[in-house]
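Reading the structure
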Amino acid sequence: MADINDVNCDNREAVLSGKKVERASLLDSGEDFEMLKDMEDDLDEDLPPLEDAGGGQKKNSVAEDAAESDANADQTPTQTEEWLDVLGNGQLKKKVLEPGAGPDSRPQRGQNVTIHLKTSLTDGTVVDEQTDLSFTLGDGDVIQALDLTVQLMETNEKALVEAGAKYAYGPLGRSSPAVPPNADLTLEVQLLSAADAPDQELMPPLERINLANKKRERGNVHYQHGDYAFAVNSYGIALQITEASSRVDISQQEEEELLDMKVKCLNNMAAAQLKLDHYDAALRSCVSVLGHQPDNVKALFRKGKVLALQGETAEAIRTLKSALKLEPSNKTIHAELSKLVKKHSEQKGAEQAMYKKMLGNPTNASVQKHRAKSSWGLSWKWLFGATAVAIGGVALSVVIAARN
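Residues numbered from 1 in each chain as written. Predicted model: local features only at pLDDT ≥ 70, side-chain atom pairs only at ≥ 80, totals over all residues. Heavy atoms only, no water.

What about the packing of aromatic side chains?
If you walk through the whole model with that rule in mind, you get one aromatic pair. On the numbers, 5.3 Å between centres and 70 degrees between planes, the contact of tyrosine 223 with tyrosine 228 is edge-to-face. This pair shows no difference in class: tyrosine 223 is buried, exactly as tyrosine 228 is. Over the ring of tryptophan 83 we find lysine 93, and its NZ or CZ is 5.6 Å from the ring centre. (Phe/Tyr/Trp six-rings, centres within 6.5 Å; stacked < 30°, edge-to-face > 60°. Buried < 20%, exposed > 50% of the residue type's maximum accessible area, 1.4 Å probe, protein only. Lys NZ or Arg CZ within 6 Å of the ring centre and 35° of its normal.)

Encoded structure:
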């Protein structure tokens, strides 16, 4: 797991720096489309509906906080009397209550750790207590306060942690256990054990599926809280678990379950990448889904959204039409498609007007050309008539002279 975690840390940095119904006209049918339900995957009921999943104007402030946390974590913590200012901003402090087994017993990122945790509000109200909470250090499985401070602890050490809301449950808080919005927390933590994670290539397939699903669900929690960069990180870890090679026997059904989990992670990752305005990455995620499931409605919809945001309006319309054929009663897809069709028509009208302006007014040019042609025809006829009269007059004079 340590190697996998290191790979995903690199991936996260890259992310932070940073596709049966009649074919009759569905747009003109006037049918009362219903909103697609559970547009996120079957196990993602808590994610917002599709229309909220893409292309916001606003950059994610939590992603910026994540980058800030990583940058601050590289700095040397500040020791003030008994308290250690972990990030140097006064928002995350740690104090040793009981010493541990020494610096060599500190856990490493990617290891599985088990802790005893008691969570309280700053007024002393205990909101939760867990005697054997296990998670992978550095994978974003828990709040940032724990991920950042436990790696500074020694085995058997007991510590008190004061965490600002931004490193706990943030502006949304938590429903169970009940944590109010924007609540600072006091955490009493004891590190019970730390051990290397099992080799994924030797894990039984069902264990791999369950582990990937756990990471995916954690990504969903991050998504709900608006922590889109952390969500992408969790989905990425889950993806690597599903894609890991296996040195144990795996059945056809288990392979299909792993593939289904992979598709879910890619779809959710695309939604988070759209929120971060990472359009190229979101398009790659959608294309990967469609490579496995060409008729995946969510991937088609998000691919259409990305293409539209990138200015590929005609291709976006074709993609959304494909999605609408699969879900003809989907109001979300219908609305997005109608909007794009109208926009495309307006763009074509504007282009035609621009071309006319560049080339001049073709109607006036045709009239002028016709007038010039008519004038030339009239002049030619007059000249021809005058010549004929002159020739006739000469001939008549010759005849009269001959008679005389």
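Description of the pattern of salt bridges
Per the counting criterion, the structure on display carries 13 salt bridges. A salt bridge links lysine 95 to glutamate 82; the shortest N-O distance between them is 3.8 Å. On the criterion of sequence distance, the pair formed by lysine 95 in strand β3 (residues 92-98) and glutamate 82 in the loop between β1 (78-80) and β2 (83-85) is long-range, its members being 13 residues apart. Lysine 95 gets classed as buried once you look at its relative accessible area, which sits at 17%. (Salt bridge = Lys/Arg side-chain N within 4 Å of Asp/Glu carboxyl O. Helix = DSSP H or I, 4+ residues; strand = E, 2+ residues; numbered from the N terminus.)

Quick notes on the nonpolar core
Formed by 42 residues in total, the largest nonpolar core has its most connected members in Tyr223, Tyr235, Ala272, Ile333 and Leu340. With nine residues, helix α6 (residues 252-275) is the single largest residue contributor to this core. Within the second largest apolar cluster, 30 residues are counted, among which are Val179, Leu185, Leu187 and Val189. (Core = buried A, V, L, I, M, F, W, Y, C linked by side-chain atoms within 4.5 Å.)

Points about the pairing of strand β4 (residues 112-121)
For β4, the tally of buried residues reaches seven of 10 residues, placing the bulk of the element in the interior. Where β4 and strand β5 (residues 126-136) come together, eight bridges link them in antiparallel fashion. Across the sheet, residue asparagine 112 finds its bridge partner in β5, namely threonine 136. Connecting β4 to the antiparallel partner β5 that follows it, the hairpin turn spans four residues, and glycine 124 within it adopts a positive phi of roughly 95 degrees. (Pairing = 2+ DSSP bridges.)

Describing a nonpolar patch on the surface
A cluster of nonpolar side chains, contributed by Met354, Met358 and Leu359, occupies part of the molecular surface with about 390 Å² of accessible area. Along the chain, methionine 354 falls in helix α10 (residues 331-359). Among the residues examined, methionine 354 registers a relative accessible area of 42% and is labelled partly exposed. (Patch = residues over 30% accessible without salt bridge, like charges linked within 9 Å, V, L, I, M, F, W, Y side chains within 5 Å. Areas by Shrake-Rupley, 256 points an atom, 1.4 Å probe, with all protein chains shown as cover.)

Re helix α9 (residues 313-326)
Between its terminal C-alpha atoms α9 stretches 20 Å, which fits the 20 Å expected from 14 residues at 1.5 Å a residue. Of all the residues in α9, the buried ones are Thr313, Ala316, Ile317, Thr319, Leu320, Ala323 and Leu324. Projection of α9 onto a plane perpendicular to its axis shows the buried side chains occupying an angular sector of 165 degrees, all on one side. (Expected span 1.5 Å × (residues − 1). Arc of directions from axis to C-beta.)

Here we look at unusual backbone geometry
Geometrically, the link from serine 176 to proline 177 is a cis peptide bond, its omega value of -5 degrees lying close to zero. Following the sequence through the fold, proline 177 ends up in the loop between β6 (158-163) and β7 (185-195). Look at asparagine 156: it is not a glycine, yet its phi comes out positive at around 75 degrees. Inspection of the secondary structure assignment puts asparagine 156 in the loop between α3 (144-149) and β6. Despite not being glycine, aspartate 277 has its phi angle at roughly 65 degrees, a positive value. With respect to the helices, strands and loops of the structure, aspartate 277 is situated in the loop between α6 and α7 (279-292). Look at aspartate 277 and you get buried, because its relative accessible area is 16%.

As for helix α5 (residues 228-243)
Taking 1.5 Å per residue as the helical rise, α5 with its 16 residues ought to reach 22 Å, and the 22 Å between its terminal C-alpha atoms agrees with that figure. Counted residue by residue, α5 has 15 buried out of 16 residues, so it is predominantly covered.

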